[in-house]
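# Reading the structure
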Amino acid sequence: MNIPKQVIYIIEHLQKNGFEGFIVGGCVRDYLLGFEPKDFDITTDAMPQDIKNIFNHTIDTGIEHGTVTVVLDRQNFEVTTYRIDGEYKDNRRPENVIFSKKIDEDLSRRDFTMNAIAYNINKGFIDPFNGREDIKNKLIKGVGNADIRFKEDALRMMRGVRFSAQLGFNIEEKTFLAIKENNKLIENISVERIRDEFLKLIKSDYIEKLSLLQETNLYKYFIPEIEPIFKNYKKNILILKKLSKDLRLAFLLSHLTEKEVELILKRLRLDNKTIKEIKTIITYFNYDFKEDRIETRKFLCEIGEVELFKKILEIKFCISLIENNLVQCKKYDNIYDEIEETIRKNQCFSLKTLAITGNDLKEIGIINGKEIGELLKKALNLVLEQPNKNNKEILLNYVKEQI
């Protein structure tokens, strides 16, 4: 394993002071899958105060749960004491934690066997739940009793489905049944945490695993509105696979009205920019765009953003492609080319790039704000139809004719 020198340093210094140290969880799993880990979690039998005494620069990240951040070379590394979780009363977090001296006890509290593997250079793998074998068999399996794991933290059910979609793994039968039996517990989890898992799921490479949300009925507790997607699932999955990953959510909601979509996205507490973008896509989703340069410029003006117009066309193109409607595919290709030509020729399609401004109209004696706005719109409409007229002198003469 290509373990960063800082991580090796931390583990070696723990050992020099009479303690154990292992990398654990996602970083070990990613190594075994052939991925480059994004971060490294270290677990140890050293108590939080011992960690603070051993290393010069530390931060009390979550010291009540045994986590101390060690800072080396301006990088942060979380070091956590082995622990056993106390009672879970809210299906979200333990009431308390009990520090342990045994690595196996620490691994036994984790969610899935593939995440319950520890490693260091001297002792190799610590894998009491056969996580490496499950990774080899592409299987997501709960640690110990999956039913208990999901009752402890209900978000683990969404994580299991998300991992399945990201890795293309199957969910082990007992683990799957435990999700199905405990699905309602997901209501106890904050919408933000569910949303984050859902977005990771639908942006995953194995998007066909979205069906697991239906098979377990998890979706009914946080986004029941996507149910129509499952009715023509094979076709919809083919479309989702063709789409850019950031357009998948918009497609999943494309059968709804703009207002319905807005309410869903606000319920999921998505940011305003995303809400606005998806609402715009929904607004124009069923519009029959014409293969006409003037119409294209007018829609660029109406939609307001070049990239957003392209995203709308991409969805419509992918649907036409899966439906084998080559005539429509060609049309959307041509409209896309018209957009590119508009940009390439630097043609005006908004008030921002119009050759005249409100101040120009004031200088020729037009002071009424409403009148200025209407005249600028007329001038813009002229330019959308005749791009070569985006000239200050020409437009001022045109405006004077309209007064």
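Structure: above.
Below is a short write-up of the structure.

Rules and cut-offs
- Residues numbered from 1 in each chain as written.
- Predicted model: local features only at pLDDT ≥ 70, side-chain atom pairs only at ≥ 80, totals over all residues.
- Heavy atoms only, no water.
- Helix = DSSP H or I, 4+ residues; strand = E, 2+ residues; numbered from the N terminus.
- Rg over C-alpha atoms; globule rule 2.2 N^0.38 Å.
- Buried < 20%, exposed > 50% of the residue type's maximum accessible area, 1.4 Å probe, protein only.
- Contact = heavy atoms within 4.5 Å.
- Areas by Shrake-Rupley, 256 points an atom, 1.4 Å probe, with all protein chains shown as cover.
- Pairing = 2+ DSSP bridges.
- Axes fitted to C-alpha atoms, helices over the stretch in contact; angles between N-to-C directions.
- Core = buried A, V, L, I, M, F, W, Y, C linked by side-chain atoms within 4.5 Å.
- Salt bridge = Lys/Arg side-chain N within 4 Å of Asp/Glu carboxyl O.
- Parallel < 35°, antiparallel > 145°, perpendicular 65-115°, else oblique.
- Expected span 1.5 Å × (residues − 1).
- Polar contact = N/O pair within 3.5 Å; in protein donor to acceptor, adjacent residues only side chain to side chain.

## Section: the overall build of the chain
Regarding its fold elements, the chain presents 20 helices and 11 strands. Its C-alpha atoms give the chain a radius of gyration of 28 Å, more than 25% over the compact-globule value 22 Å for 403 residues. The dimensions of the chain, computed from C-alpha atoms along their principal axes, are 90 × 50 × 40 Å. Across the 403 residues in the chain, those meeting the buried criterion constitute 51%. For the chain, the share of sequence-separated contacts (at least 6 apart) that also reach a separation of at least 24 residues comes to 65%. Element-wise, carbon and sulfur atoms account for 46% of the exposed surface of the chain, whose accessible area totals about 20500 Å².

## Side note on the sheet that holds strand S1 (residues 21-24)
The 7 strands lie next to each other as S3-S4-S5-S2-S1-S8-S9, forming an open sheet whose pairing is mixed. Strands with a single pairing partner mark the edges of an open sheet, and in this sheet they are strand S3 (58-62) and strand S9 (124-126). Neighbour-to-neighbour, the strand axes of the sheet open up by a mean angle of 35 degrees, direction not taken into account. Here 4 bridges tie S1 to strand S2 (residues 41-44), and the two strands are oriented antiparallel to one another. What sits directly across from Gly-21, in S2, is Thr-44.

## Observations regarding the nonpolar core
Counting residues in hydrophobic clusters, the biggest one holds 116 residues, and the most contacted among them are Ile-23, Phe-198, Leu-210 and Leu-213. The residues touching Ile-23, leaving out its near neighbours within four places in the chain, are Met-1, Ile-3, Val-7, Ile-11, Val-28, Phe-40, Asp-41, Ile-42, Ile-117, Ala-118 and Tyr-119. Residues Phe-22, Val-24, Leu-107 and Ile-126 belong to the second largest nonpolar core, which totals 9 residues.

## Observations concerning the pattern of salt bridges
Evaluated as defined, the whole model comprises 32 salt bridges. The residue Asp-196 makes a salt bridge to Arg-195 at a minimum N-O spacing of 3.0 Å. Residues Lys-345 and Glu-341 are paired through a salt bridge, measuring 2.7 Å at the closest nitrogen-oxygen approach. Judged by relative accessible area, Lys-345 falls into the partly exposed class, the value being 48%. Through salt bridges that share partners, Glu-258, Lys-259, Glu-262, Lys-266 and Lys-279 make up one connected network.

## Thoughts on the side chain of Asn-236
Looking at the secondary structure, you find Asn-236 in helix H11 (residues 233-242). Residue Asn-236 is classed as buried on the basis of its relative accessible area, which comes to 10%. Once residues lying within four places of it in the same chain are set aside, the contact partners of Asn-236 are Pro-228, Ile-229 and Phe-251.

## Focus on the packing of helix H15 (residues 293-303) against helix H19 (residues 369-385)
For the pair H15 and H19, interaxial distance at closest approach is 8 Å and the crossing angle is 140 degrees. Compared by their axis directions, H15 and H19 come out oblique. Along the contact surface, H15 presents Ile-294, Arg-297, Lys-298 and Cys-301, while H19 presents Leu-380, Asn-381, Leu-384 and Glu-385.

## Looking at H19
Taking 1.5 Å of rise per residue, 17 residues should cover 24 Å, and H19 covers 25 Å from first to last C-alpha, within 8% of that figure. Looking only at H19, the buried set comprises Ile-372, Leu-375, Leu-376, Ala-379, Leu-380, Leu-382, Val-383 and Leu-384. Of the surrounding secondary structure, the elements contacted by the buried residues of H19 are H15, helix H18 (358-363) and helix H20 (392-402). Measuring from the side-chain oxygen of the N-cap residue of H19 to the backbone nitrogen of Lys-370 gives 3.0 Å; that N-cap residue is Asn-368.

## Structural notes on the environment of Pro-224
The topology assignment puts Pro-224 in the loop between helix H10 (211-215) and H11. Overall, Pro-224 belongs to the partly exposed group, its relative accessible area being 35%. Residues Pro-224 and Asn-381, 157 residues apart in the sequence, show an inter-C-alpha distance of 43 Å. Setting aside residues no more than four positions away along its own chain, Pro-224 makes contact with Tyr-219 and Arg-267.

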